[in-house]
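# Observations on the model geometry
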Amino acid sequence: MSLLLTALRYALRSDTYHQASYHTKVTAAVCKAGKAQIHKGNFGPKYTISDIPRQCVAAKHFSQGIPHSVPDDFKSQLQKYRTLEAIFRKKLRTAHAEFADAAEGPVVHGRNHVYFEEGGCICRRSLANGQGEPQVLLSLGDVAWPDPEGASFQRVRLSPQEKHLAATVRSGRSEEASCAVVRLGSTPAVTHIQTAVFSFEWATDNILFYTSQKNLRSFQVYSLVFGEEQPQRTLVCEEQDPRFFVEVMSSKDKRFLTINCNSKSCSEVHLIECRSPLLPPVLVQPRTAGLIYHVEHSEGQLYILTNAGPAHEYQLMRAPLSSPSLKHWQLLYRPAVNTRVIDMELFEKHCVMAMRGRTQLYLDIIPLDEPAQVSTVKLPQWACALEPGLNSQLSSNTFHFLLSSPAQPPRAFFYSLHENHLYQQQEEQAVACRTDYQTSRIEAQSMDGTAVPMTVIHRRTVEELCQSPLLVHVYGAYGVDLNMAFKPESRVLLDEGWTLAYCHVRGGGELGLGWHAQGRLTQKHRGLEDLQACVLRLFELGVSRPGLSALTGSSAGGVLAGALCNRSPELLRALILQAPFLDVLGAMQDPSLPLTVEEQEEWGDPLTNQEHRESIESYCPSHNIRAQRYPSMLITAYEGDQRVPLPGLLKYISRLRAAAAMHASEYNKIDKDPVPSFILDVQPGSDHFGPTDLEESLCQTARQFAFLYKELGIDVKHPKRKRR
């Protein structure tokens, strides 16, 4: 995987990085056709669609201390949506089936074999006989006992000479993964299983480095040396600061492994020389407050993506391997102002920077010998998301990547560094690119005058948008972009006549590190002001109206969504929240929770800093509920969620109901609107990131769509029946 996407996992892991993207699944089919390549083997869940509808999963078990009558109450409320839910389950199956041929596990190319996932197994096929029968190397049942049904492969790594394969498997009930090591050769066999593994890389054919994960923290690096006997396990280093998260990665040229220690605002990198991996790691630059950096290597030079420049935005620098510290870093490239570095890919003579501007994605091509001669390549206007392909060879002259949008499935592109030309990959079975979806980039002026970008996607004409139901998306935390990659369920809504609006508020990362800084700690209220300005701007432009508008957010996105409901509930009719973070004050006051200390650089420390406390108190959704008419709300929660515990969500729902009841008692003669619904849909087994099984995921989404239609009073479009 490319440098930046891998390095930024630390930020993403706080919410969504474990979920497999539709990009990854679609790329696999392109790989198998021999037309493009993909990431270095990050296997995601294997999705299959059953021809016979299965019963949707119902909550069966609940955490201790939660009255059983409460979940039963929520389940009874969900009954009124069952008819609509069945309709949307069918629509969603049809939409996913349209892209099923592309939704396969990725492929990893070795020296002698190709490796792929099939039927819950990792298999290989000889490159000399590409049509031969696949050989099963590892099954989910070999690792994920006693619950292989809810398990999924996460990552796969081949040793340099293809002597060993290592793969991590995660069950649906825990974020911790187990790593299985398979000895390859004529008779492959599982030789070792290591539990609680987060990241891992091969230094040599017999030495594997990995980080261990415990209680949501990855803080220890170990080496495993494989020989004739049991592998020898040695602790390499241990991170003492609870704010830091540790991950091991490989440089693109395979000469070094990097030990990356990252907090939300600071980083430190150590190098392990793969030719002598048991020597002590070498420090690049000691951690310095506010300094973030990520390292690649080529031809004795370190290429460093860092925020050491003006305004603390990312820039590309270079230093000799022999003198790696900060004072030797020399500037190669500085991106334009108000842009986001999506990815960095290093080649022998070039560096490719994938960028997001206010209105368009683009590539900056930097010649390493003449870094001032930067070439900019604009990407298609419809593209909202970019994911790199497998660009594993430094000597390659081609940068592979995928483009998609909520309306358009992934398209394979490549840029020829030799020809200085962008090409779209021709795909035999690709679904035709639709031209009837409109993508607009607009801006809203926030309370302090800041222009906040939005991406708006719809099918209806501009004149019809005032009667179009609107679904607003928000996140606004950790410097993470809103996910605008393709999802079949988004296409279902668009085809039903919805308008989808993505609000790129401060606190997110869409316009760079500064955009994140403007919406964190005591500036978190800026993201709320941005969201409110975006919704009002949409109405001002004639896009929908409050009675037809809904808001959706997941995890940390629940903070701004819940805060907007407290401040301006009249703007919305309904909310869809998934594993939402709603009690910021309560969580940040409890250092016994696994993420509290680590998250202080994002939210603040209300126990020791009065300014932080007052800031959190001003917007915290759970602590600002008052008697007023709230929009209806469906919260999907997961029993195995270690990040957002169920008792806090139940407390939030109880407070909402009490506030709504008080409001109704005071205004029952005046307010003729129907009483809002507040429902907590608790799903068993899944962790914070939701189900890995497609059928369970479809049931969940169908339930959410049914809720939206019922609460907004929308009629469902029924497919036209063919005449006999």
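See above for the structure.
Conventions used here
Residues numbered from 1 in each chain as written. Predicted model: local features only at pLDDT ≥ 70, side-chain atom pairs only at ≥ 80, totals over all residues. Heavy atoms only, no water. Pairing = 2+ DSSP bridges. Helix = DSSP H or I, 4+ residues; strand = E, 2+ residues; numbered from the N terminus. Axes fitted to C-alpha atoms, helices over the stretch in contact; angles between N-to-C directions. Parallel < 35°, antiparallel > 145°, perpendicular 65-115°, else oblique. Left-handed = near helix turned anticlockwise from the far one by under 90°. Contact = heavy atoms within 4.5 Å. Core = buried A, V, L, I, M, F, W, Y, C linked by side-chain atoms within 4.5 Å. Buried < 20%, exposed > 50% of the residue type's maximum accessible area, 1.4 Å probe, protein only. Phe/Tyr/Trp six-rings, centres within 6.5 Å; stacked < 30°, edge-to-face > 60°. Lys NZ or Arg CZ within 6 Å of the ring centre and 35° of its normal. Polar contact = N/O pair within 3.5 Å; in protein donor to acceptor, adjacent residues only side chain to side chain.

Once that is clear, we can look at the sheet that holds strand E1 (residues 107–109). With antiparallel pairing, four strands are arranged side by side in an open sheet as E1-E2-E3-E4. Edge positions in the open sheet fall to E1 and strand E4 (135–139), since each of these has one partner strand only. Averaged over all adjacent pairs, the angle separating strand axes in this sheet is 25°, with direction ignored. In terms of strand pairing, E1 meets strand E2 (residues 113–118) through three bridges, oriented antiparallel. Each residue of the ladder has a partner; that of Val107, found in E2, is Phe116.

All right, on to the packing of helix H5 (residues 82–98) against helix H15 (residues 694–712) then. Running from N to C, H5 and H15 point in directions that differ by 130°, and their axes come no closer than 8 Å. One way to sum up the angle between H5 and H15 is to call them oblique. Considering the relative orientation of H5 and H15, their crossing is right-handed. Note on element contacts: H15 touches H5 through Leu694, Glu695, Leu698, Cys699, Thr701, Ala702, Arg703, Phe705, Ala706, Tyr709 and Lys710, opposite Arg82, Leu84, Glu85, Phe88, Arg89, Leu92, Arg93 and His96.

A general tendency of soluble globular proteins is for nonpolar side chains to be buried together. Counting 101 residues, the largest nonpolar core has Leu531 and Trp603 as its most contacted members. In terms of residues, this core owes the most to one element, H15, which gives nine residues. In contact with Leu531, not counting residues within four places along its chain, are Val472, Val474, Cys503, Val505, Leu551, Leu560, Ala561 and Leu564. Membership of the second largest hydrophobic core comes to 18 residues, among which are Ile292, Leu305, Tyr314 and Tyr362.

Spatial strand order, E16-E17-E18-E19: four strands in an open sheet with antiparallel pairing. Looking at the sheet topology across the chains shown, the edges are occupied by strand E16 (293–298) and strand E19 (330–333). Shown here is a sheet whose adjacent strand axes are inclined to one another by a mean of 30°, direction ignored. Pairing between strand E18 (residues 315–320) and E19: three bridges, direction antiparallel. Among the inter-strand pairings, Arg318 is bridged to a residue of E19, identified as Gln330.

Right, let's get into unusual backbone geometry. For His312, which is not glycine, the phi dihedral falls at a positive 60°. Position of His312 relative to the elements: it lies in the loop between strand E17 (301–306) and E18. Residue classification places His312 among the exposed positions, given a relative accessible area of 54%. Despite not being glycine, Tyr478 shows a phi value in the positive range, around 60°. Inspection of the secondary structure puts Tyr478 in the loop between strand E30 (470–473) and helix H7 (488–495).

Evaluated as defined, the whole model comprises 13 aromatic pairs. Seen from their ring centres, Phe414 and Tyr423 are 5.0 Å apart, and the 20° between their planes marks the pair as stacked. Within the aromatic cluster, the residues linked to one another by ring pairs are Phe88, Trp498, Phe705 and Tyr709. Seen from the ring of Phe198, Arg155 lies directly overhead, with NZ or CZ sitting 5.6 Å from the centre. The ring of Trp603 is capped by Lys524, whose NZ or CZ atom sits 4.2 Å from the centre of that ring.

This brings us to the side chain of Thr499. Relative to the assigned elements, Thr499 resides in strand E31 (residues 499–503). Within the local environment of Thr499, its side chain forms a polar contact with the side chain of Ser468, the two groups lying 3.0 Å apart. Look past the residues within four positions of Thr499 in its chain and what remains in contact with it is Val456, Ile457, His458, Leu465, Ser468, Pro469, Leu470, Leu471 and Val543.

A separate point is the environment of Ala706. Checked against the element boundaries, Ala706 lands in helix H15. Under the relative-accessibility criterion, Ala706 is labelled buried at 0%. In the structure, Ala706 is positioned 619 residues away from Ile87 in sequence and 8.5 Å away in space, judged by C-alpha atoms. Ignoring any residue separated from it by four or fewer positions in sequence, one finds Ala706 in contact with Tyr81, Leu84, Glu85 and Phe88.

So yeah, pure geometry; function would need other evidence.
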